[in-house]
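Coordinate inspection notes
What follows is the residue order along each chain.
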Amino acid sequence: MSEAFEALARLVAAGDVVVLSGAGLSTESGIPDYRGPSGASRRHTPMTYQEFTRDPLARRRYWARSHLGWQMIARAAPNEGHRAVARLQAAGLLGGIITQNVDGLHTAAGATGVIELHGRLDEVTCLDCGNATGREELHRRLSEANPGFDARVAHVNPDGDVDLPDEAVTGFRTVDCALCGTGMLKPDVVFFGETVPALRVADCFALVEGARALLVLGSSLTVMSGRRFVLRAARHGIPVAIVNQGVTRGDTYAALRLDAPLGATLRALADRCAAAPAPV
Ligand SMILES: [Zn+2]
């Protein structure tokens, strides 16, 4: 193992580490990282909250794509990286877990108390009456409203939004809130143009400021939403370690960097630092 890995292992073994994870941690679960080493970029611009709420056609496009994307997200299972983070937490080495991912895979791997900065894709809320429902129920309702909707899934983005030609969107029927009958439904994820709830951000800042180290996993730190925690740690003299494939926008603040595959690296890290060895 490299010198950087040894340094990382020492840092994590000392405990009180706060994890900040991004899309790169979920690529090994089959959810593509659109800014990762594959170089793939989003083929369409992400929908903003304003478009979603004001433009019925944009909303239909979102739900048509997301209806297909959800099937892929729902099938995704946690990978070695998620399991390693859960092991580090179980070993008492983590002060908290913050994720930019909306796939719920940290929790599925057994982690607890995860702060989901950008929300969860598996929950849906009515923007009028506030009724919250599970995504599975919405999926069933959308399937019933769109029999035979079998457009091919060509590509899926981390937010569950699939590339789909406009022709395929024509005729897709969205559904409204089942409780109040007319309310607009929105997945519980933070859209572009929408701000993360202030209390959630405050919780994250408090975690970071109380940490002995901040460990960034699989994030290019492109958006300020995540990068601000690296900046805060740096300002407080808290060491930042980054494990990511490719450069990140936090590299200049990092005490150490590993450009390596997440799953294998984190498994080795958990083997080294967490008491119990991984089950074979
Ligand atoms: Zn409603």
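Since the model is a prediction, treat every value here as computed from it, not as a measurement. (Residues numbered from 1 in each chain as written. Predicted model: local features only at pLDDT ≥ 70, side-chain atom pairs only at ≥ 80, totals over all residues. Heavy atoms only, no water.)

Scanning the protein from N- to C-terminus turns up 10 helices and nine strands. Relative to all contacts within the protein whose residues are 6 or more apart in sequence, the contacts with residues 24 or more apart total 73%. Entry remark: accessible area of the protein is about 12600 Å², with carbon and sulfur atoms responsible for 52%. (Helix = DSSP H or I, 4+ residues; strand = E, 2+ residues; numbered from the N terminus. Contact = heavy atoms within 4.5 Å. Areas by Shrake-Rupley, 256 points an atom, 1.4 Å probe, with all protein chains shown as cover.)

A word on the environment of threonine 133. Mapped onto the elements of the fold, threonine 133 is located in strand β5 (residues 132–134). Threonine 133 gets classed as partly exposed once you look at its relative accessible area, which sits at 22%. The sequence separation of threonine 133 and leucine 179 amounts to 46 residues, and the corresponding C-alpha distance is 9.9 Å. Discounting residues that sit within four places of it in the chain, threonine 133 has contacts with Asp122, Glu123 and Val124. (Buried < 20%, exposed > 50% of the residue type's maximum accessible area, 1.4 Å probe, protein only.)

Looking now at the UniProt feature "binding site: Zn(2+)" (unreviewed entry) in the protein. The UniProt feature table records "binding site: Zn(2+)" (unreviewed entry) at Cys126, Cys129, Cys177 and Cys180. The annotated residues occupy 55 residues of the chain but converge on a single region, no pair of C-alpha atoms lying more than 8.6 Å apart. Of the annotated set, the members that line the largest cavity are Cys177. With respect to the element layout, cysteine 129 can be found in the loop between β4 (119–126) and β5. What makes cysteine 129 partly exposed here is its relative accessible area of 38%. Setting aside chain neighbours within four positions, we find cysteine 129 in contact with Cys177, Leu179 and Cys180. Along the chain, cysteine 180 falls in the loop between α7 (166–169) and β6 (185–189). In this structure cysteine 180 touches Cys126, Asp128 and Cys129, once residues within four positions along its chain are discounted. (UniProt positions renumbered as here; feature names shortened; annotations may be inferred. 1 Å grid on protein atoms, 1.4 Å probe; cavity = no way out; pocket = protein on both sides within 12 Å on 5 of 7 lines; lining within 4 Å.)

The next thing to look at is the side chain of threonine 99. Tracing the sequence through the fold places threonine 99 in strand β2 (residues 94–99). Residue class for threonine 99 comes out buried when judged on its relative accessible area of 2%. Of note is the side chain of threonine 99, whose polar atom sits 2.7 Å from the side chain of serine 21. One polar contact links the side chain of threonine 99 to the main-chain amide nitrogen of asparagine 101, over a distance of 3.0 Å. Not counting residues within four places of it along the chain, the set of residues in contact with threonine 99 comprises Ser21, His106, Val114, Ile115, Glu116, Leu117 and His118. (Polar contact = N/O pair within 3.5 Å; in protein donor to acceptor, adjacent residues only side chain to side chain.)

This next bit is on the packing of aromatic side chains. Counted according to the given criterion, the structure contains six aromatic pairs. Between phenylalanine 52 and tryptophan 63 the ring centres are 6.2 Å apart and the planes differ by 65°, which places this aromatic pair in the edge-to-face class. Of this pair, phenylalanine 52 sits in helix α2 (residues 49–54) while tryptophan 63 sits in helix α3 (residues 56–75), and the two are 11 residues apart along the sequence. Each of the two residues, phenylalanine 52 as well as tryptophan 63, counts as buried. Note on tyrosine 62 and phenylalanine 191: the rings are 5.3 Å apart at their centroids and 40° apart in plane angle, and the pair reads as tilted. Here tyrosine 62, found in helix α3, pairs with phenylalanine 191, found in the loop between β6 and α8 (198–209); they are 129 residues apart in sequence, far enough to count as distant. The exposure class of tyrosine 62 is buried, given its relative accessible area of 4%. (Phe/Tyr/Trp six-rings, centres within 6.5 Å; stacked < 30°, edge-to-face > 60°.)

What follows concerns the nonpolar core. Of all hydrophobic cores here, the largest spans 31 residues; its most connected members are Leu8, Val12, Leu88, Leu215, Leu217, Leu266 and Leu269. Those elements giving two or more residues to this core turn out to be α1 (3–13), β1 (17–21), α4 (80–90), β2, β7 (213–217), β8 (240–243), β9 (256–258) and α10 (262–273). A per-element tally of this core places α10 first, with six residues. Beyond its immediate stretch of four places on either side in the chain, leucine 88 contacts Val12, Leu93, Leu94, Leu269, Ala270, Cys273 and Ala274. Counting residues in each nonpolar core, the second largest holds 25 residues, with Trp70, Leu138, Ala145 and Val189 among its members. (Core = buried A, V, L, I, M, F, W, Y, C linked by side-chain atoms within 4.5 Å.)

Here the focus is the pattern of salt bridges. Tallying each qualifying case throughout the model produces 11 salt bridges. Taking the shortest distance from any N to any O, the salt bridge between glutamate 80 and arginine 267 comes out at 3.1 Å. Here arginine 267 lies in helix α10 and glutamate 80 lies in helix α4, a separation of 187 residues in the sequence. Overlapping salt bridges, with partners in common, bring together Glu116, Arg120, Asp122 and Glu123 in one network. (Salt bridge = Lys/Arg side-chain N within 4 Å of Asp/Glu carboxyl O.)

This brings us to the sheet that holds β6. The strands making up a sheet associate through backbone hydrogen bonding, with each pair oriented either parallel or antiparallel. If you walk across this open sheet you meet the three strands as β5-β4-β6, and the pairing is antiparallel. Because the sheet does not close on itself, it has two edges, and the strands there are β5 and β6. The sheet shows a mean angle of 40° between the axes of neighbouring strands, direction not considered. In this sheet, β6 lies alongside β4 in antiparallel orientation, the contact comprising four bridges. Bridging across to β6, cysteine 126 finds its partner in leucine 185. (Pairing = 2+ DSSP bridges. Axes fitted to C-alpha atoms, helices over the stretch in contact; angles between N-to-C directions.)

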